[in-house]
Amino acid sequence: MKNFRFECLINGMWRASSDGKTTPVTNPSSKKLLANVPSLSKSDVQSAIDSAGKAFELWREIPARKRSDLLLGLANLIIAHTDTLAATITAEQGKPLAESRGEITYAANYFRWFSEEAVRINGDIIPSDSNSKRIMVIKQPIGVVAAITPWNFPLAMLARKMAAALAAGCSFIAKPAPETPLTALALAALTLEAGIPAGVVNVITGDAEMIGAALMHSPTVRKVTFTGSTEVGKILIRQSAETVKKLTLELGGNAPLVVCDDADISKAVEGAVFGKFRNAGQTCICVNRFLVHEKVAPQFTDALITRAKQLVVGDGMNSATDIGPLINNDALAKVTRLVESASREGAKVNLPPAPTPAGSTFFPPTVISNITPQMSIWKEEIFGPVCAIATFANDEEAIALANNTPHGLAAYLYSTNLNRALSLAERLDFGMVGINDTSISAAQAPFGGIKESGFGREGSKYGIDDYLVLKYLSVQS
Ligand code: ADP
């Protein structure tokens, strides 16, 4: 990969922090130091904002077809560098290499998809009340976009945002998570290689609170797109008031997976394994709450335990590994707390976690039943490979339990009765519902939530709207 440096990309140049400060990045599996990345000063952040401000004037004037070609070129470069990018993701994030490779394809798909959308930003002509007047609507890029991204999908979460913003004609500043900045810097290097002009993409690292505030308070930044916790999302909403910034927020979830009594149990179990254990349970659309009809609960639970026992926990670079480490000690402490409190409160730990070796953050697959809705493990996002199973007696109860959360990102349900499945899906208060399916993410589908899971959609034909503003032209002849 040409030009790849452990430095920030500002105005097409690699930059250290002006005061020389750095932050370490470590491998969550081996705990070894991978790199030190800049911890930028406030003035460095301002230079990234200025760079994006200048580049916006240039990028918005580049014809859509040319922007599209550049994005397609970037998609192809990402695919060509799959091995390096996948190794980087596994090193800094911990997920198994096969999952990292999947993330590369998924991320590249966003650049491909939005390269196709870049040339379809069509306006409207609306009949007026007079023959001497025309009403036209055009769509224009909103301006400088800042993206704040999490560590669980270091490439894909950035790709989703960057691809749509660049396709719309916006310039871009990315602030990746401190745990996983290296993948973002690698993507920055590829944007240069793809020929995207200097300043159109800037990647900055350092103190989240300081950078977040600088981006939020800047009048130059017209939009912030964020994926992360509901807690930080609420801070951004408050901060956005000052400059009336447009936001896209993809916040926490608490996904239920409803297994009806007429479900194909083996399919439901396979869906559960993918929807729960992928990325060690650290995705915002991971199944958090299993809701299983009481008639099939023993059968489902036994089959899930059998499958969970087969999963191999270990270093993501090992090809046999199914589940890598949790991202850090805080994550381990949270998952441990939730499992211990459920056990204390009377839940049945069917497949107990094996003891974690001192100093490591590996957490083995765990299956817990007899869960009640009062338990913390039911209410909080677990973000670990733990299945919490409760039962229900009828569809009314299933819907009431599933919807009883402030979150509304993803939900899943398994039933072989299509009518029943569709009517249940319509009643689930979530932005996305997988019917007999837990693999729901795709560049052409609208990803996003309702309630405290946020607003705005990423990907799909709707995704680009978040980066555009409508302008109405009233033309009198
Ligand atoms: P998680 O708990 O999964 O790390 P966070 O919401 O804390 O989720 O982090 C998601 C992203 O938000 C990361 O890039 C992180 O650095 C950033 N972040 C954390 N706190 C703030 C803040 N106060 N302002 C702006 N960004 C923040």
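What comes next concerns the included structure. (Residues numbered from 1 in each chain as written. Predicted model: local features only at pLDDT ≥ 70, side-chain atom pairs only at ≥ 80, totals over all residues. Heavy atoms only, no water.)

1. Things to note about the packing of aromatic side chains
Okay, so step 1: With the rule as written, the count across this model stands at four aromatic pairs.
Okay, so step 2: With a centroid separation of 5.6 Å and an interplanar angle of 85 degrees, the aromatic rings of Phe-4 and Phe-6 are classed as edge-to-face.
Okay, so step 3: We classify Phe-6 as partly exposed; its relative accessible area is 39%.
Okay, so step 4: On the basis of an interplanar angle of 45 degrees and a centroid distance of 6.0 Å, the ring pair of Phe-290 and Phe-300 is categorised as tilted. A residue pair is termed long-range when its members are at least 10 positions apart, and Phe-290 in strand β13 (residues 287-293) and Phe-300 in helix α10 (residues 297-310) qualify at ten residues. (Phe/Tyr/Trp six-rings, centres within 6.5 Å; stacked < 30°, edge-to-face > 60°. Buried < 20%, exposed > 50% of the residue type's maximum accessible area, 1.4 Å probe, protein only. Helix = DSSP H or I, 4+ residues; strand = E, 2+ residues; numbered from the N terminus.)

2. A word on the sheet that holds strand β14 (residues 348-351)
Okay, so step 1: Taken in spatial order, the seven strands line up as β14-β15-β16-β13-β12-β18-β19 in an open sheet, and their pairing is mixed. Each end of this open sheet is capped by a strand with a single partner; those strands are β14 and β19 (432-435). Going across the sheet, the axis of each strand differs from the next one's by a mean of 25 degrees, ignoring polarity.
Okay, so step 2: Pairing analysis gives four bridges linking strand β18 (residues 410-414) to β19, with the strands arranged parallel. Along β19, the bridge assignment pairs Ala-410 with Met-432.
Okay, so step 3: Contacts between helix α13 (residues 395-403) and the sheet are confined to β12 (255-259), β13 and β16 (386-392), with β16 contributing the most and set at about 140 degrees to the helix. (Pairing = 2+ DSSP bridges. Axes fitted to C-alpha atoms, helices over the stretch in contact; angles between N-to-C directions. Contact = heavy atoms within 4.5 Å.)

3. Things to note about the nonpolar core
Okay, so step 1: The biggest cluster of nonpolar side chains holds 72 residues, and the ones touching the most others in it are Val-259, Phe-290, Phe-300, Leu-304, Ile-371 and Ile-377.
Okay, so step 2: Those residues in contact with Phe-290, other than ones at most four positions away along the chain, are Leu-257, Ala-272, Lys-276, Phe-300, Leu-304, Trp-378, Cys-387, Ala-388, Ile-389 and Ala-390.
Okay, so step 3: Formed by 61 residues, the second largest nonpolar core is a distinct cluster that contains Ile-89, Ile-142, Leu-166 and Ala-174. (Core = buried A, V, L, I, M, F, W, Y, C linked by side-chain atoms within 4.5 Å.)

4. Side note on helix α4 (residues 97-117)
Okay, so step 1: Taking 1.5 Å per residue as the helical rise, α4 with its 21 residues ought to reach 30 Å, and the 30 Å between its terminal C-alpha atoms agrees with that figure.
Okay, so step 2: Every buried residue belonging to α4 is among Ser-100, Glu-103, Ile-104, Tyr-106, Ala-107, Ala-108, Tyr-110, Phe-111, Phe-114, Ser-115 and Glu-117, and all of these are buried.
Okay, so step 3: Taken together, the buried residues of α4 touch α2 (64-80), α3 (82-93), α5 (156-168) and α6 (181-193). (Expected span 1.5 Å × (residues − 1).)

5. Let's talk about the pattern of salt bridges
Okay, so step 1: As enumerated under the stated definition, the model contains 16 salt bridges in all.
Okay, so step 2: With its nearest N and O atoms 2.8 Å apart, the salt bridge here joins Glu-7 to Arg-5.
Okay, so step 3: Look at Glu-7 and you get buried, because its relative accessible area is 19%.
Okay, so step 4: Judged by relative accessible area, which is 41%, Arg-5 ranks as partly exposed.
Okay, so step 5: The salt bridge involving Arg-307 is made with Glu-270; its shortest N-O contact spans 2.8 Å. (Salt bridge = Lys/Arg side-chain N within 4 Å of Asp/Glu carboxyl O.)

6. Concerning the sheet that holds strand β22 (residues 468-476)
Okay, so step 1: Overall, antiparallel pairing links the three strands, which are arranged β5-β6-β22 in an open sheet. The open sheet terminates on both sides in strands that have one partner only, identified here as β5 (124-126) and β22. On average, each strand axis in the sheet is tilted by 25 degrees relative to the strand beside it, whichever way the strands run.
Okay, so step 2: The pairing of β5 with strand β6 (residues 133-141) spans three bridges and is classified as antiparallel. Along β6, the bridge assignment pairs Ile-125 with Met-136.

7. Details of the environment of Gly-281
Okay, so step 1: With respect to the helices and strands, Gly-281 occurs in the loop between α9 (265-277) and β13.
Okay, so step 2: Considered as a pair, Gly-281 and Ala-398 are 117 residues apart in the sequence and their alpha carbons are 23 Å apart.
Okay, so step 3: Other than its neighbours up to four places away in sequence, Gly-281 contacts Lys-276, Cys-286, Phe-383, Gly-384 and Pro-385.

8. Points about the packing of α4 against α5
Okay, so step 1: Where α4 meets α5, the axes come as close as 8 Å, and the angle between the chain directions of the two elements is 10 degrees. Here α4 is positioned roughly parallel relative to α5, judged by the angle of their axes. Residues Glu-103, Tyr-106, Ala-107, Tyr-110, Phe-111 and Phe-114 of α4 lie in contact with α5, whose contacting residues are Ala-156, Ala-159, Arg-160, Met-162, Ala-163, Ala-164 and Ala-167.
Okay, so step 2: Class assignment of the residues belonging to the contact of α4 with α5 gives a composition of eleven nonpolar, no polar and two charged. (Parallel < 35°, antiparallel > 145°, perpendicular 65-115°, else oblique. Nonpolar A, V, L, I, M, F, W, Y, C, P; charged D, E, K, R; others polar.)

9. Let's talk about the site of the ligand
Okay, so step 1: Near the ligand lie 15 residues; those nearest to it are Thr-149, Trp-151, Lys-175, Phe-226 and Ser-229.
Okay, so step 2: In this structure, Trp-151 approaches the ligand through a side-chain N or O atom, which is 3.2 Å from an oxygen atom.
Okay, so step 3: At 3.0 Å from an oxygen atom of the ligand is found a side-chain nitrogen or oxygen belonging to Lys-175.
Okay, so step 4: When the ligand sits alone it has 550 Å² of accessible area, and the protein chains cover 78% of it.
Okay, so step 5: One can see that the ligand is located within the largest pocket.
Okay, so step 6: Elements with a minimum of two residues in the shell around the ligand: α7 (208-217) and β10 (221-227).
Okay, so step 7: No other element matches α7, which puts three residues into the shell around the ligand.
Okay, so step 8: In terms of residue class, the shell around the ligand is built from eight nonpolar, five polar and two charged. (Near = heavy atom within 4 Å. Polar contact = N/O pair within 3.5 Å; in protein donor to acceptor, adjacent residues only side chain to side chain. Areas by Shrake-Rupley, 256 points an atom, 1.4 Å probe, with all protein chains shown as cover. 1 Å grid on protein atoms, 1.4 Å probe; cavity = no way out; pocket = protein on both sides within 12 Å on 5 of 7 lines; lining within 4 Å. Sits in = over half its atoms within 2 Å of the grid points.)

10. Observations regarding the layout of surface pockets
Okay, so step 1: Considering only enclosed or pocket space, the largest pocket measures out at about 1,300 Å³ in volume.
Okay, so step 2: As for the largest pocket, its lining consists of 40 residues, of which Trp-151, Gly-228, Ser-229, Glu-231 and Val-232 are closest to the centre.
Okay, so step 3: Those elements that provide at least two residues to the lining of the largest pocket are α7, β10, α8 (230-240) and α11 (329-344).
Okay, so step 4: Taken as a whole, the second largest pocket holds about 310 Å³ of empty space.
Okay, so step 5: In this structure, the second largest pocket is lined by 20 residues; those nearest its centre are Tyr-106, Phe-153, Phe-274, Arg-278 and Ser-441.
Okay, so step 6: Those elements that place two or more of their residues in the lining of the second largest pocket are α4 and α5.
Okay, so step 7: Partitioned by chemical class, the residues of the lining of the second largest pocket number nine nonpolar, six polar and five charged. (Points joined across faces, edges and corners; volume = space filled by probe spheres on them.)

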